[in-house]
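Structural overview for review
Listed here are the chains, written in short residue letters.
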Amino acid sequence: MTEQARQRLGKEIEEFNARNQLQLFRLDLGEGLEFSGNIRFYFRSNSQEVAKVVRLTSNTTTTELVPILVDKYSAYIGSDTRHPELFNVAIRLGDHGGQFDERHLRGTECPLQLSLVNGVAPRFLLQRSDARRLGKTGGAPGTPQRSRDSLNSIGS
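A brief look at the structure comes next. (Residues numbered from 1 in each chain as written. Predicted model: local features only at pLDDT ≥ 70, side-chain atom pairs only at ≥ 80, totals over all residues. Heavy atoms only, no water.)

**A few points about the overall build of the protein**
For the protein, the helix and strand inventory stands at four helices and six strands. Starting at the N terminus, the α and β elements of the protein follow one another as α-β-β-β-α-α-β-β-α-β. Considering only contacts in the protein between residues 6 or more positions apart, those separated by 24 or more positions represent 59%. Entry remark: accessible area of the protein is about 8600 Å², with carbon and sulfur atoms responsible for 47%. (Helix = DSSP H or I, 4+ residues; strand = E, 2+ residues; numbered from the N terminus. Contact = heavy atoms within 4.5 Å. Areas by Shrake-Rupley, 256 points an atom, 1.4 Å probe, with all protein chains shown as cover.)

Right, here's the structure in full:
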């Protein structure tokens, strides 16, 4: 790690925080190139969407995160809490007239890094893998979704 990389990361975090209106979702630079912050996750239960906030580090992967989210949403998930492998995390970006970009995160991706890269807080969704397939939900009825494969984590 170079001091220049740490300064560059500090500047990115400062810019992210300047755009963020809510103090709760500010990012904090830690040791080395690690940072931490809170992210809001959503889960659709019946006809309501429930939000929960989770504190993460920049190195928290989706694989590590899913069991934590399943536990947080246990009141809405029921007996499936014993099977976190039935769930995945998706990232949703933008709202372009009822259309949005959404894709499932790979297990090695780090949601907090994705937030920083996007410059705005994307919407993260906990989804049942067997109940929700990308491209079949969201947006206005009959509106196709576009895949956003260009989003990648900035490191592990």
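**Quick look at the side chain of Arg 103**
Considering the arrangement of structural elements, one finds Arg 103 in strand E5 (residues 99–104). Of the residues examined, Arg 103 reaches a relative accessible area of 4% and is grouped as buried. Polar contacts involving the side chain of Arg 103 include one to the side chain of Glu 109, which spans 2.7 Å. (Buried < 20%, exposed > 50% of the residue type's maximum accessible area, 1.4 Å probe, protein only. Polar contact = N/O pair within 3.5 Å; in protein donor to acceptor, adjacent residues only side chain to side chain.)

**Side note on unusual backbone geometry**
One non-glycine residue with positive phi stands out, namely Asn 46, at about 55 degrees. Along the chain, the position of Asn 46 falls in the loop between strand E2 (35–45) and strand E3 (48–57).

**Observations concerning the nonpolar core**
Ranked by size, the top nonpolar core spans 27 residues in total, and within it Phe 41, Leu 69, Tyr 73, Val 89, Phe 124 and Leu 126 carry the most contacts. In this structure, Leu 69 is in contact with Phe 41, Val 54, Val 89 and Leu 126, ignoring residues within four places of it in sequence. (Core = buried A, V, L, I, M, F, W, Y, C linked by side-chain atoms within 4.5 Å.)

**Considerations on helix H1 (residues 3–19)**
Between the first and last C-alpha of H1 there are 25 Å, a value that for 17 residues agrees with the 24 Å anticipated at 1.5 Å per step. Taken residue by residue, H1 has Ala 5, Leu 9, Ile 13, Phe 16 and Asn 17 as its buried positions. For H1, the buried positions fall inside an angular range of 110 degrees around the axis, keeping them on one side. Residues of H1 that are exposed and point over 90 degrees away from its buried face: Gln 4, Gln 7, Glu 14 and Ala 18. Considering only its buried residues, H1 is in contact with strand E1 (27–29), E2 and helix H4 (111–118). (Expected span 1.5 Å × (residues − 1). Arc of directions from axis to C-beta.)

**A few points about the environment of Glu 85**
Considering the arrangement of structural elements, one finds Glu 85 in the loop between helix H3 (74–77) and strand E4 (87–96). Residues Glu 85 and Val 70 lie 15 residues apart in sequence; the distance between their C-alpha atoms is 9.7 Å.

**Topic: H4**
Burial analysis of H4 places six of its eight residues in the buried class, which makes it a mostly covered element. All buried positions along H4 are accounted for by Pro 111, Leu 112, Gln 113, Leu 114, Ser 115 and Leu 116. Of the residues one or two after H4, Gly 119 is the one with positive phi, at around 80 degrees.

**Some words on the packing of aromatic side chains**
In total, this model carries four aromatic pairs according to the counting rule given. Judged by centre distance (6.4 Å) and plane angle (55 degrees), the rings of Phe 43 and Phe 87 are tilted. Remark: Phe 87 occurs in strand E4 and Phe 43 occurs in strand E2; sequence separation between them is 44 residues. For Phe 43, a relative accessible area of 2% gives the class buried. Look at Phe 87 and you get buried, because its relative accessible area is 5%. Ring-pair connections join several aromatic residues into one group, and the members of that group are Phe 43, Tyr 73, Tyr 76 and Phe 87. Geometry around Tyr 42 places Arg 123 over its ring, the cationic atom sitting 3.6 Å from the centre. (Phe/Tyr/Trp six-rings, centres within 6.5 Å; stacked < 30°, edge-to-face > 60°. Lys NZ or Arg CZ within 6 Å of the ring centre and 35° of its normal.)

What is shown is where atoms sit, not what they do.
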